[in-house]
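# Examining the three-dimensional arrangement
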Amino acid sequence: MSSSYNTLPWQELRPTLSVTEIPSHSQDFFALQPRAEKAIRHFIKNSHRTLLVLKADDQAEYAPLLEQLIQSEKPVPELCGVQYVIEQGDSFSFPRISAEPVQSYNDNFAAQKSVATALYFDQFQLFGSVKIHATSHDIQLNPGLVHQVNGGLLIVTAGALLAQFDLWQRLKHILTTGVFNWYSAHPFKTLPCDIPSYPLQLKVIVLGNRTELATLEELEEELYHLADYAEIESYCRVASAEQQQQWMGYVQAIVQQHQLPMLELSGFNKLYQLLVRDSENRELINISPLMLKNILTETALLTQSTSLSAVDFERYFLHKAEQFGFLREQTYDSILQEQIYVATEGEMVGQINGLSVIEYPGTPLVFGEPSRISCIVQYGDGEVVDVERKTELAGNIHSKGILIAEACLANILELPSQLPFSASLVFEQSYGEIDGDSASLAGFCVLVSALSDLPLPQSIAITGAIDQFGLVHSVGGVNEKIEGFFTICQRRGLTGKQGVIIPSSVVNQLSLSEAVISAVKNQVFFIYPVEAVDQACEILLQRDLVEQEDKNYTAETLPLARLINQRINQYADRQSHREGFWDLLFSRKSH
């Protein structure tokens, strides 16, 4: 295959920060969370709102950061609460408990904190307890978290509330009434004596991921009538130099917090490239403090350097690839030993290499794998059979993609509504369920090859989703898909003709390995971005898909549409001759 078609230069295969200097100041986490910070500060100041639902993924990491932000607004707890005075009973009288106005922070139910966090809790930690001595029957009242942060703010997790949903009902009552009431912990026992209620002003932030918050909303239909909502964003935008400087300052803050080696400028660039692989977006990268801490810590342990460079982060990347790579290597060995047949050289009619992303449940492993897609065309009633759909090995999105490929082909080539061909599309040697529409471009091309009887190069793999008008759209996992096919080609020996076709819209997702970049740089592997199906057909079959008005064609350069229509007409002629023969043979004289 010639490399004269539009291919991506190696410089575009990975992103690079536009900043040229490391910032001198570190950045606070919430400097990268302007929306969340504004919502939290507004919630603290708004005396009419008592509940904030905050979407957050790394809850254990975010809670201390939240506490720091809230303490900057409310550094000292207000003097509020009560002093419970207990007159113990004896054999002739019941105990008596009274509540007096709080006089100091040392009173037993005076507020002690302006903010507290409870990631896991039970009813006693949250609402306090009434203890009765086994022998003397003396009563002891113990404050819970709601009492300790009276007038302040309590951070809890949605997961803990869902596990003990009755606690949510009691917490909601405090938030809506502003009063704390004592209840017996046992459903069939009463309190040993009356314990006075008292005013308790509380604000609560509920942290949860989307799944937990969705479940909480199902159980509490009025949740967002009671609560404000905000999100701690897992990703931050790094499109501009200013945003990149902020992100670099934030990374420096994590480095300083955990006493890790500082990053060189090349180290920042490589870390950014690794994070783009996770986000699949050069302008949006993960800022999870837990993820960054793990990457930085492991890189420092692997290198034992006084500063972290691009080489150090590349070592971390290769180390993780090896650590997680057993199942991936087993899959690639099966292909290289031809237990799974994937050709990377030569040409074949109705066969093409699609690109898939493989995920194994129970492991963090995600990798790309080429898979052979084949199509056989026979004379028939026009049905295109997706074998994966027929055998229920394909999900709904995959089935939708193949149906779109069929409709797109009929629309672009202006084929008759009833084709005289039947076709079968198969993912060869696929034994598990597949889903996604990223094979729809491959399905289109393999259908065109089978209908036109022209061979497809096996040295080029393809991924992309298409619409009914032939436009090629974005797919996920493009880095892993490219690297998966490249690995098979590299281990068999690069021929200089191998490459992949990808949608132009995913170029912004690319952050490829050093091995792929080196091969593209040396022009022994190629990446072809396409925007429409006609471009993909031109690269693969070296012909126009439909006839161009300003071109003169020969028998060797006829457009694919004309070739397919010629085959249809030839079949129609043969059918008419065949039907005429049988009509003549079985005809009878009319009386």
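In the block above lies the structure referred to throughout.
Okay, so let's go over this structure. Model, not experiment: these values are computed from the prediction.

What counts, and where the lines are drawn
- Residues numbered from 1 in each chain as written.
- Predicted model: local features only at pLDDT ≥ 70, side-chain atom pairs only at ≥ 80, totals over all residues.
- Heavy atoms only, no water.
- Core = buried A, V, L, I, M, F, W, Y, C linked by side-chain atoms within 4.5 Å.
- Buried < 20%, exposed > 50% of the residue type's maximum accessible area, 1.4 Å probe, protein only.
- Contact = heavy atoms within 4.5 Å.
- Salt bridge = Lys/Arg side-chain N within 4 Å of Asp/Glu carboxyl O.
- Helix = DSSP H or I, 4+ residues; strand = E, 2+ residues; numbered from the N terminus.
- Polar contact = N/O pair within 3.5 Å; in protein donor to acceptor, adjacent residues only side chain to side chain.
- Pairing = 2+ DSSP bridges.
- Axes fitted to C-alpha atoms, helices over the stretch in contact; angles between N-to-C directions.
- Disulfide = S-S within 2.5 Å.

### Re the nonpolar core
Of all hydrophobic cores here, the largest spans 51 residues; its most connected members are Ile-40, Ile-205, Trp-247, Leu-263, Leu-271 and Leu-296. Residue contacts for Trp-247: discarding those within four places in its chain leaves Leu-17, Leu-32, Cys-236, Val-238, Phe-268, Leu-271, Tyr-272, Leu-275, Ile-285 and Ile-287. Listed in part, the 47 residues of the second largest apolar core include Ile-404, Ala-423, Leu-454 and Val-533.

### Describing the pattern of salt bridges
Under the definition given, this model contains 18 salt bridges. Across the pair Glu-514 and Arg-14 runs a salt bridge, and its minimum N-O distance is 2.5 Å. In this pair, Glu-514 sits in helix 18 (residues 514-521) while Arg-14 sits in the segment before helix 1 (34-45), placing the two residues 500 residues apart along the sequence. Its salt-bridge partner being Asp-57, residue Lys-55 comes within 3.1 Å of it at the nearest N-O pair.

### Brief notes about the environment of Trp-182
Position of Trp-182 among the secondary structure elements: in the loop between strand 9 (179-180) and strand 10 (198-199). Spatially, the C-alpha atoms of Trp-182 and Gly-128 are 8.9 Å apart, while their sequence positions differ by 54 residues. At 3.0 Å, the side chain of Trp-182 forms a polar contact with the side chain of Tyr-84.

### Some thoughts on the sheet that holds strand 12 (residues 227-231)
Judged by pairing direction, the sheet is parallel, and its five strands sit side by side in the order 5-8-11-1-12 without closing on themselves. Edge positions in the sheet fall to strand 5 (115-118) and strand 12, since each of these pairs with one other strand and no more. Ignoring strand direction, the axes of neighbouring strands in this sheet form an average angle of 20 degrees. Pairing analysis gives five bridges linking strand 1 (residues 51-55) to strand 12, with the strands arranged parallel. Looking across to strand 12, one finds that Leu-54 is bridged to Ala-230.

### Regarding the pairing of strand 21 (residues 421-427)
Counting buried positions over the seven residues of strand 21 gives six, a clear majority of the element. Note that strand 19 (residues 366-379) and strand 21 share seven bridges and pair antiparallel. Bridging across to strand 21, Ser-374 finds its partner in Val-426.

### Description of the pairing of strand 18 (residues 351-359)
For strand 18, the buried fraction is high: seven of the nine residues fall into the buried class. Of the strand pairs in this sheet, strand 18 and strand 19 are connected by nine bridges, and their pairing is antiparallel. Bridging across to strand 19, Gln-351 finds its partner in Ser-374. Between strand 18 and the antiparallel strand that follows it, strand 19, lie six residues; Gly-362 among them carries a positive phi value of about 90 degrees.

### Digging into the state of the cysteines
The full count for this structure, using the stated rule, is zero disulfides. No disulfide involves Cys-445; its sulfur sits 4.5 Å from that of Cys-537, the nearest cysteine. A residue is classified by how much of its surface remains accessible, and Cys-445, at 1% relative accessible area, is buried.

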